[in-house]
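Chain residues, written in single-letter form:
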Amino acid sequence: MSVDLKIVENKQMIAPPKTSASLWDWVRNNLFNNWYNTILTFVAGFIIIGIAYNVLSWVLFEAQWTVITNNYRLFMVGRYPLSELWRIWSLLTIVSFMFGLCSGSFKGTILRLSGILAGIYLIHLLAPFTASSSKVWLAVQLAGLVIGFLIALKLPYNKRIAIIGWVITIPLVFFFIHGFGILPEVRTTFWNGLLLTVLLAGVAIILSFPLGVLLALGRTSKLPAIKYFCIGYIELIRAVPLITIFLMAQVLIPLFLPTGLTIDNLLRVMLGATLFTAAYAAENVRGGLQSIPNGQYEAAKAIGLNPFQTTFFIVLPQALRAIIPTIVGQSISMFKDTSLVAIVGLLDLLGIAQSVKSNPEFLGRHMEVYIYIAFVYWVIAYSMSYSSRRIEKSLGVGER
Amino acid sequence: MKKKMKLLTLLLWVTLIGSVFLVACAEDEDTTSEPNAASGEETQTPEPDEGDTLAAILDRGYVIVGGNNQLPGFGYVNSDGDYEGFDVDFARVVAAALFDDPDALEIRPLSAQERFTALQTGEVDVLIRNTTWTLDRDVALGTNFTPTTFYDGQGIMVRADSGITSLEELEGARIGVETGTTTESNLADQFRKYGITYEQVLFDDSDAVVEAYESGNIDAWTTDKSGLVSRQATMASPDDHSILTESLSKEPLGPTVRHGDDQWFDIVKWATLATIEAEELGITSENYEEFLDSEDPVVRRFVGLEGELGQMLGIDDTFAINVIKHVGNYQEIYDRNLGPDTIFNLGRGLNDLYTNGGILYSPPFR
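Just so we're clear, the structure is a prediction, and the values are computed from it rather than from any experiment. (Residues numbered from 1 in each chain as written. Chains lettered and ligands numbered in written order. Predicted model: local features only at pLDDT ≥ 70, side-chain atom pairs only at ≥ 80, totals over all residues.)

1. A short note on the overall build of chain A
Okay, so step 1: For chain A, the helix and strand inventory stands at 18 helices and 0 strands.
Okay, so step 2: Considering only C-alpha atoms, chain A reaches an extent of 95 × 70 × 50 Å along its principal axes.
Okay, so step 3: Here chain A holds 400 residues, and the buried ones make up 33% of them.
Okay, so step 4: The long-range share in chain A, meaning contacts at least 24 apart out of those at least 6 apart in sequence, stands at 74%. (Helix = DSSP H or I, 4+ residues; strand = E, 2+ residues; numbered from the N terminus. Buried ≥ 20, exposed ≤ 12 C-beta atoms within 10 Å, placed from the backbone. Contact = placed C-beta atoms within 7 Å.)

Right under this line is the structure:
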């Protein structure tokens, strides 16, 4: 008996038994290994095939996707004037170029993201319904990606240049979309569709981060005034649903303003989204701050750093590194939450979808519309979560 | 000594962070802090002075209209990205009367909750968003309703094979209705009046109601009759459904302005009436040129040759004919959006001239 065991153990030491059997073996071992599993397999199989058949036959034969293809521009940029559309395309070209530049400099995650982006461009380039002028622009986008990538490979200090490039790009975005008197002004009511969704999410995510860091530092401050203000702010905002903040921004704030003074409704919503996200970002950052062991503070003190230096050169860099996955997770949820603005009358991706499905020409085609925008949300949110997972891995955050 | 220095640095640092933070906050919060300083004693809904609205609009160069962006036939975005619909056409009527240009407008899509706030605060100049004229809204909300552009009424749709032809026969039926609308309370009111028991099934989206009705989960569903008709047109087999002739409510829908500026109220009122008057006079966007040298004094006053009617309102004398030239008369607007050539094919019914059995009637232009 004991001899047998030893032999078995020896064999395992030499070569572990093959676990990856052929497909047929896997099926037999997992799906049909006894009578009740066999029954379960058949029942589940029939249900899955039934659903898949219905879904596929609907998607391929019953659904009328012309509601998407005919309104494609609306979904993307909404009512943005046709004559000014070149601005959005140029803007996208700059962004594509920056993506190319970054993927050449940093490789890794951003390179994969650029790959996804290139895939999206390519699909639209090959799609039969794309207008020929858009196809030219899409080709320009692909060229921008590749050129950016190639330039970054040749460039010294490319990482620094890439970061500076992004900083320059952000004000450019608003310049191109709005015009600010240099280009013809496009009022904010014309910023719709995916453009508005991305813009809203981008503004909220980018602005809320520094605000969140300040709030988190304020919460750990020793000055009671700052400390309690920050605690009060964070707890108040976190106790209120986002939709309430949007409704307040749209309905209440105008009532409080003096006659004649109106603040653009998009600006009000952007402020609301930023202030809301900042409170959550603050708690994330605070979590990061607390994860820094006391030894770090003591070591910083021991080498003679003052509290300012300790915070900005020792604590924050480590704390922020630790919370990157959380921040990305929060960004994803913010991106999806922007769809709530459709309730307060802004035509974001969801809002424009509701307008499109009300067009008498496409009445009753709401399923197609909702499925399409769900797909768009999924592609973007999944790209974000995918990159977060990769960043997490490369930083070794979860493995320390 | 060293300890004091450290304490001082700490204090300095905290103040620095604090002030940066406060500046950041102040920037974000000046939306809420400014009004306290400026508004002083003002009431919650400051009313405009006579003439303010028109001056502001002329100065701006376009009129801002609160609209609906998701009501088939009344307000939606077409594939070119332009707003279209019955309500949108009346927004164009106002723009044409003011600027001789129907596109000098901005449609601000508003949800049902925020529409009155947007009007009260002056964010929109006029609200044309399928809004029912009620005493409560007219008085308590500080709004003025201009003439009704569309007389609607709540109706009920049932399956034709159910044999139901009147409200009484709906005893015990499952009836679908959208939540948070006046239709919900109208349904309860009417059925209580007749003593009919029914089961109310609530949905928060009109698509969901129709889906449930078509799949047979509910026996009937209710909304405004124009909505019922528009939905029937897109059902799998429209002939299998019928709409009861009885109406559960009166729903007069029309443009709305805020209290306090009678001049602006008059302008919207008479621009709207011009479409009805033009239909009665037989003036359309196609034949309007024939009327420009008419001898008929009624027509001459309408097109602005006599009477200086526009000047009394503070706008161009040709405002009425500008409306017809650019947007068309009431019949053209109706036919374009709801008439026989559209999928709705909605009969005029009450929305016909008084001479044809409807109740549309324009006071004289003189």
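2. Comments concerning the sheet that holds strand S8 (residues 154–159) of chain B
All names here are of chain B.
Okay, so step 1: With mixed pairing, the 5 strands of this open sheet are ordered in space as S10-S9-S11-S8-S12. Each edge of the open sheet is held by one strand with a lone partner, namely strand S10 (199–203) and strand S12 (241–243). Direction aside, neighbouring strands of the sheet carry axes that sit 30° apart on average.
Okay, so step 2: Contacts from helix H7 (residues 206–214) reach strand S9 (174–178), S10 and strand S11 (220–224), with the element oriented near 165° to S9.
Okay, so step 3: Contacts between helix H8 (residues 225–233) and the sheet are confined to S8, S11 and S12, with S11 contributing the most and set at about 120° to the helix. (Pairing = 2+ DSSP bridges. Axes fitted to C-alpha atoms, helices over the stretch in contact; angles between N-to-C directions.)

3. Thoughts on the domain arrangement of chain A
All names here are of chain A.
Okay, so step 1: The domain architecture assigned to chain A consists of domain 1 (81–185) and domain 2 (191–400).
Okay, so step 2: A C-alpha centroid distance of 24 Å is found between domain 1 and domain 2.
Okay, so step 3: On the domain 2 side, the residues contacting the 7 residues of domain 1 number 7 residues.
Okay, so step 4: Of all the elements, helix H7 (residues 108–126) adds the most residues to the side of domain 1 that touches domain 2, at 5 residues.
Okay, so step 5: Taken together, the residues that form the side of domain 1 that touches domain 2 break down as 4 nonpolar, 2 polar and 1 charged. (Domains from an automatic or database assignment. Nonpolar A, V, L, I, M, F, W, Y, C, P; charged D, E, K, R; others polar.)

4. A closer look at the nonpolar core
Okay, so step 1: With 151 residues, the main nonpolar core has Val 65, Val 94, Ala 97, Ala 271 and Val 323 of chain B as its most contacted residues.
Okay, so step 2: A total of 15 residues in this core trace back to one element, the largest contributor, which is helix H10 (residues 193–219) of chain A.
Okay, so step 3: Not counting residues up to four positions away in its chain, the partners in contact with Val 94 of chain B are Val 63, Val 65, Val 126, Val 268 and Ala 271 of chain B.
Okay, so step 4: Judged by nonpolar contacts, the second largest core, of 17 residues, contains Phe 97, Cys 102, Ile 110 and Trp 137 of chain A. (Core = buried A, V, L, I, M, F, W, Y, C linked by C-beta atoms within 7 Å.)

5. A short note on the domain arrangement of chain B
All names here are of chain B.
Okay, so step 1: Partitioning chain B into domains gives domain 1 (52–151 + 253–356) and domain 2 (154–249).
Okay, so step 2: Placing a centre on the C-alpha atoms of domain 1 and another on those of domain 2 gives a separation of 31 Å.
Okay, so step 3: Contacts between domain 1 and domain 2 engage 6 residues on the former and 5 residues on the latter.
Okay, so step 4: Here the residues of the side of domain 1 that touches domain 2 are counted per class, giving 4 nonpolar, 2 polar and no charged.

6. Regarding the UniProt feature "transmembrane region" (unreviewed entry) in chain A
Okay, so step 1: Per the UniProt annotation, the sites labelled "transmembrane region" (unreviewed entry) are residues 38–61, 85–103, 110–130, 136–155, 162–182, 194–217, 229–253 and 369–386 of chain A.
Okay, so step 2: This span, residues 38–61 of chain A, is 100% helix and 0% strand, and a straight line between its end C-alpha atoms measures 33 Å. (UniProt positions renumbered as here; feature names shortened; annotations may be inferred.)

7. Digging into the pairing of S9 of chain B
Regular strands place their side chains on alternate faces of the sheet.
Okay, so step 1: In the sheet, S9 of chain B pairs with S10 of chain B via 5 bridges, with the strands oriented parallel. What sits directly across from Glu 178 of chain B, in S10 of chain B, is Phe 203 of chain B.

8. Quick look at unusual backbone geometry
All names here are of chain A.
Okay, so step 1: Even without being glycine, Lys 107 reaches a positive phi, approximately 55°.
Okay, so step 2: Within the secondary structure, Lys 107 sits in the loop between helix H6 (85–106) and H7.
Okay, so step 3: When the 13 C-beta atoms within 10 Å are taken as the criterion, Lys 107 is described as partly exposed.

9. Observations regarding the pairing of S8 of chain B
All names here are of chain B.
Okay, so step 1: Within S8, 5 of the 6 residues are buried, leaving the element largely enclosed by the surrounding structure.
Okay, so step 2: Relative to S11, S8 runs antiparallel, the two being bridged by 5 bridges. Among the inter-strand pairings, Gln 154 is bridged to a residue of S11, identified as Asp 224.
Okay, so step 3: Sheet topology note: the S8/S12 ladder contains 3 bridges and is antiparallel. If you follow Val 158 over to S12, its bridge partner there is Ser 242.

10. Looking at the environment of Tyr 334 of chain B
All names here are of chain B.
Okay, so step 1: Here Tyr 334 shows up in helix H13 (residues 330–337).
Okay, so step 2: Sequence spacing of Tyr 334 and Glu 280 is 54 residues, and the spatial spacing of their C-alpha atoms is 14 Å.
Okay, so step 3: Not counting residues up to four positions away in its chain, the partners in contact with Tyr 334 are Gly 339, Arg 348 and Asn 351.

11. Topic: H10 of chain A
Okay, so step 1: Spanning 27 residues, H10 of chain A covers 37 Å between terminal C-alpha atoms, matching the ideal 39 Å at 1.5 Å per step.
Okay, so step 2: Judged by how many residues are buried, H10 of chain A sits mostly within the fold: 21 of 27 residues are covered. (Expected span 1.5 Å × (residues − 1).)

12. What to know about the environment of Ile 283 of chain B
Residue and element names in this part refer to chain B.
Okay, so step 1: By the secondary structure assignment, Ile 283 is in the loop between helix H9 (262–281) and helix H10 (297–303).
Okay, so step 2: Residues Ile 283 and Asn 329, 46 residues apart in the sequence, show an inter-C-alpha distance of 7.1 Å.
Okay, so step 3: Apart from residues no more than four positions distant in its own chain, Ile 283 is found in contact with Ala 278, Tyr 288, Phe 291, Ile 324 and Asn 329.

13. Details of the environment of Gly 227 of chain B
Okay, so step 1: Tracing the sequence through the fold places Gly 227 of chain B in helix H8.
Okay, so step 2: Separated by 92 residues in the primary sequence, Gly 227 of chain B and Leu 135 of chain B place their C-alpha atoms 24 Å from one another.

14. Observations regarding H7 of chain B
Residue and element names in this part refer to chain B.
Okay, so step 1: The complete set of buried residues in H7 reads Ser 206, Val 209, Val 210 and Tyr 213. Angular distribution of buried residues about the axis of H7 spans 95°; they occupy a single face of the element.
Okay, so step 2: Elements that come into contact with the buried residues of H7 comprise S9, S10, S11 and H8.
Okay, so step 3: With its phi angle positive at about 85°, Gly 216 sits one or two positions after the end of H7. (Arc of directions from axis to C-beta.)

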